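Next come the chains, spelled out residue by residue.
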Amino acid sequence: MLIFLVGTGVYLTIGVKFRTLTRIPQAFKMLMAGRDKDSQTGEGDITPFQSLMTSLAATVGTGNIAGVATAIFLGGPGAIFWMWVTALFGMAIKMGEAVLAVMHRELNEETGKFAGGPMYYIKNGMGDNWNWLGSAFALFAGVAAFGIGCTVQSNSVAQAVHSNFGVPGYVTGIALAVLTYVVIIGGIERIADVTEKLVPIMASVYIIGSIIIIFFNIEDLIPAFKLIFNSAFNGHAATGGFAGAAVLQGIRYGVSRGVFSNEAGLGSAAIAHAATTVDRPAKQGIVAMLGGFLDTIVICTMTALIIIMTGAWDSGITGAALTSKAFNIGLPGPGGFIVAFGLIFFSFSTILTWSYYGEKSFEYFFGSKVIMPYRYIWVAAVFLGAVSNLDVVWAIASAMNGLMIVPNLIAVLALSPSIFKEFNEYIDEEDKKLLDA
């Protein structure tokens, strides 16, 4: 699966002439221009900026805190290098998914809203013989949403609130359920209105807190990068509480945790990008590719540097506990609250966006009549997740999450000629305009 993912990313990156890497500054410029809804010329429900923030609300989550720590614990510091590699090639997959999502989306005549994502670009792009593959994706996504996007997230919030503030799980569950209801009952527009404000705030708090810790330990910054690169190509011997890791372990866990964090290849982000107000699919593709960059290259790197710079990485603990330990070493007192803040708000934002992903998956099967009942069931599931033991749910949801990748990447590869044509033509046109000017 990991070879399939990275291989697809490499293929798409070559197909667009490495422009996903060279056009990052242009992508940020287009992202900022996409904040104003009145200036958009295409049809859609939310702005390009809102669609990226909505997709980031789902991807920026426990993977940025617990996933990074797990990668280092299992694969050594070198795993972070392979997370970076995965993210850079994953940008091309994010781009391709968004291009196809806008290209093959549908307008629901009953609701007046757009619907898109892998199930629609399979249905409308690959022909009737492949409808079963689109249905398979929608099924996997619908089931996964209630697990990894809902109950698992509310459970993480309840545990973080209880361990830091002593609040019982049922109280957190009620509060989360109410807040979730207030947002998702308004549909994608309200979700986007909330995420476009919440995501920049929560990411900024986490990044600024991380930068402060890095600044206080600045003498360890260069050695940390040296350790990452050395471990990536030479492996790392056992030391302290770290059991040691060969190069292949670093690659394996770096790639797998990178995919878990930025969700490149999963196809879920395409559901949000399909609702955007753009007049060219390639425009949204350029904005969408920033998802992997911001999630992994920026936020995951902050977590990794602090774990390594503070020396916590070889303590023998893993997951969110390792990240908390590192932040507390780097900034005693406030450090632990930065991690708790991240866990709470990263998880809550994931609940909001995955509610939309699941909704569109069930709407694909049952039509718009399922939307309101689904939203009420989702709110109930948020509460249940906060007060339940989720070992079985986690296992089922993780399996469905992984299964989403297969139909999505088959479609992306099958439809890659249209991705290359649309993306390269748009870039060439923009370059010609600049030369003519």
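Residues numbered from 1 in each chain as written. Predicted model: local features only at pLDDT ≥ 70, side-chain atom pairs only at ≥ 80, totals over all residues. Heavy atoms only, no water.

Turning our eyes to something else, we now look at the overall build of the protein chain. Each helix and strand counted, the protein chain has 20 helices and two strands in total. Relative to its length of 437 residues, the protein chain is compact, with a C-alpha radius of gyration of 21 Å against a globular reference of 22 Å. Each of the three principal axes of the protein chain carries a C-alpha extent, and together these read 60 × 55 × 40 Å. Residue burial in the protein chain is summarised as follows: out of 437 residues, 59% are buried. Considering only contacts within the protein chain whose residues lie at least 6 apart along the sequence, 83% involve residues at least 24 apart. Accessible surface, the protein chain as shown: approximately 16400 Å² in total, 67% of it carbon and sulfur. Side chains of the protein chain carry 24 positive and 28 negative charges; the gap between the two charge centres is 2 Å. (Helix = DSSP H or I, 4+ residues; strand = E, 2+ residues; numbered from the N terminus. Rg over C-alpha atoms; globule rule 2.2 N^0.38 Å. Buried < 20%, exposed > 50% of the residue type's maximum accessible area, 1.4 Å probe, protein only. Contact = heavy atoms within 4.5 Å. Areas by Shrake-Rupley, 256 points an atom, 1.4 Å probe, with all protein chains shown as cover. Lys, Arg positive; Asp, Glu negative; His and termini not counted. Charge placed at Lys NZ, Arg CZ, Asp CG, Glu CD.)

According to the stated counting rule, one finds 25 aromatic pairs in the structure shown. Geometrically, the ring pair formed by Trp-130 and Trp-132 is stacked, given 6.0 Å between the ring centres and 25° between the ring planes. A network of ring pairs unites the aromatic residues Phe-81, Trp-82, Trp-84, Phe-225, Phe-229 and Phe-233 as a single cluster. (Phe/Tyr/Trp six-rings, centres within 6.5 Å; stacked < 30°, edge-to-face > 60°.)

Attention shifts here to helix α14 (residues 281-288). Counting buried positions along α14 gives seven out of eight residues, so the element sits mostly inside the fold. Among all positions of α14, only Pro-281, Ala-282, Gln-284, Gly-285, Ile-286, Val-287 and Ala-288 are buried. Residues of α14 that are buried in the fold lie against α3 (24-33), α4 (48-59), α6 (79-103), α13 (268-273), α15 (290-309) and α20 (416-436).

In this structure, Trp-354 and Trp-378 are the most contacted members of the largest nonpolar core, which totals 134 residues. For Trp-378, the residues in contact, after removing those within four places along its chain, are Ala-145, Phe-146, Gly-149, Cys-150, Thr-180, Ile-184, Ile-351, Trp-354 and Ser-355. (Core = buried A, V, L, I, M, F, W, Y, C linked by side-chain atoms within 4.5 Å.)

Our next topic: the side chain of Glu-422. Within the secondary structure layout, Glu-422 lies in helix α20. Note on Glu-422: relative accessible area 12%, which makes it buried. Once you skip the residues sitting within four places of it in the chain, Glu-422 turns out to touch Val-99, Met-103, Arg-280, Pro-281 and Ala-282.

A few words now on a nonpolar patch on the surface. Together, Tyr-170, Val-171, Ile-174, Val-178, Tyr-181, Val-182, Met-372, Tyr-376, Leu-384 and Val-387 line one region of the surface with nonpolar side chains, adding up to about 890 Å² of accessible area. In terms of residue count, the dominant contributor to the nonpolar patch is helix α9 (residues 169-184) (six residues). Positionally, Ile-174 belongs in helix α9. (Patch = residues over 30% accessible without salt bridge, like charges linked within 9 Å, V, L, I, M, F, W, Y side chains within 5 Å. Salt bridge = Lys/Arg side-chain N within 4 Å of Asp/Glu carboxyl O.)

This part takes up unusual backbone geometry. A positive phi angle is found at Phe-18, which is not glycine, with a value near 65°. Note on placement: Phe-18 falls in the loop between α1 (2-15) and α2 (19-22). One non-glycine residue, Glu-263, lies in the positive phi region at around 60°. Topologically, Glu-263 is positioned in the loop between α12 (247-262) and α13. We classify Glu-263 as buried; its relative accessible area is 10%.

In this structure, Lys-123 sits in helix α7 (residues 118-126). For Lys-123, a relative accessible area of 29% gives the class partly exposed. Taking the C-alpha atoms as reference points, Lys-123 and Leu-133, separated by ten residues in sequence, lie 8.3 Å from one another. Beyond its immediate stretch of four places on either side in the chain, Lys-123 contacts Glu-106, Asn-131 and Tyr-364. Looking at Lys-123, its side chain comes within polar contact range of the side chain of Glu-106, at 3.0 Å. (Polar contact = N/O pair within 3.5 Å; in protein donor to acceptor, adjacent residues only side chain to side chain.)

The next thing to look at is the packing of helix α5 (residues 62-75) against helix α17 (residues 334-366). As a packed pair, α5 and α17 sit with axes 8 Å apart at the nearest point and diverge in direction by 125°. What the angle tells us is that α5 and α17 run oblique. Every residue of α17 that contacts α5 at Thr-62, Asn-64 and Ile-65 is listed here: Val-339, Gly-342, Leu-343, Phe-346 and Ser-347. Grouping the amino acids of the contact of α5 with α17 by side-chain chemistry returns four nonpolar, four polar and no charged. (Axes fitted to C-alpha atoms, helices over the stretch in contact; angles between N-to-C directions. Parallel < 35°, antiparallel > 145°, perpendicular 65-115°, else oblique. Nonpolar A, V, L, I, M, F, W, Y, C, P; charged D, E, K, R; others polar.)

A side chain with one charge may pair with a side chain of the opposite charge, provided their charged atoms come close. Overall, the coordinates contain 13 salt bridges when judged by the stated rule. The partner of Lys-197 in a salt bridge is Glu-196, and the shortest N-O contact between them spans 3.9 Å. On the basis of relative accessibility, which here comes to 51%, the residue Lys-197 falls in the exposed class. For the salt bridge of Arg-375 with Glu-359, the shortest nitrogen-to-oxygen distance reads 2.8 Å. Of the two residues, Arg-375 sits in helix α18 (residues 371-387) while Glu-359 sits in helix α17, which places them 16 residues apart along the sequence. Note on accessibility: Arg-375 and Glu-359 belong to one class, buried.

This brings us to helix α10 (residues 187-216). Compared with the 44 Å implied by 1.5 Å per residue over 30 residues, the 43 Å span of α10 between its first and last C-alpha is a close match. Maximal helix bending in α10 amounts to about 30°, located at Thr-195. (Expected span 1.5 Å × (residues − 1). Bend = angle between axes of the 7 residues up to and from the residue.)

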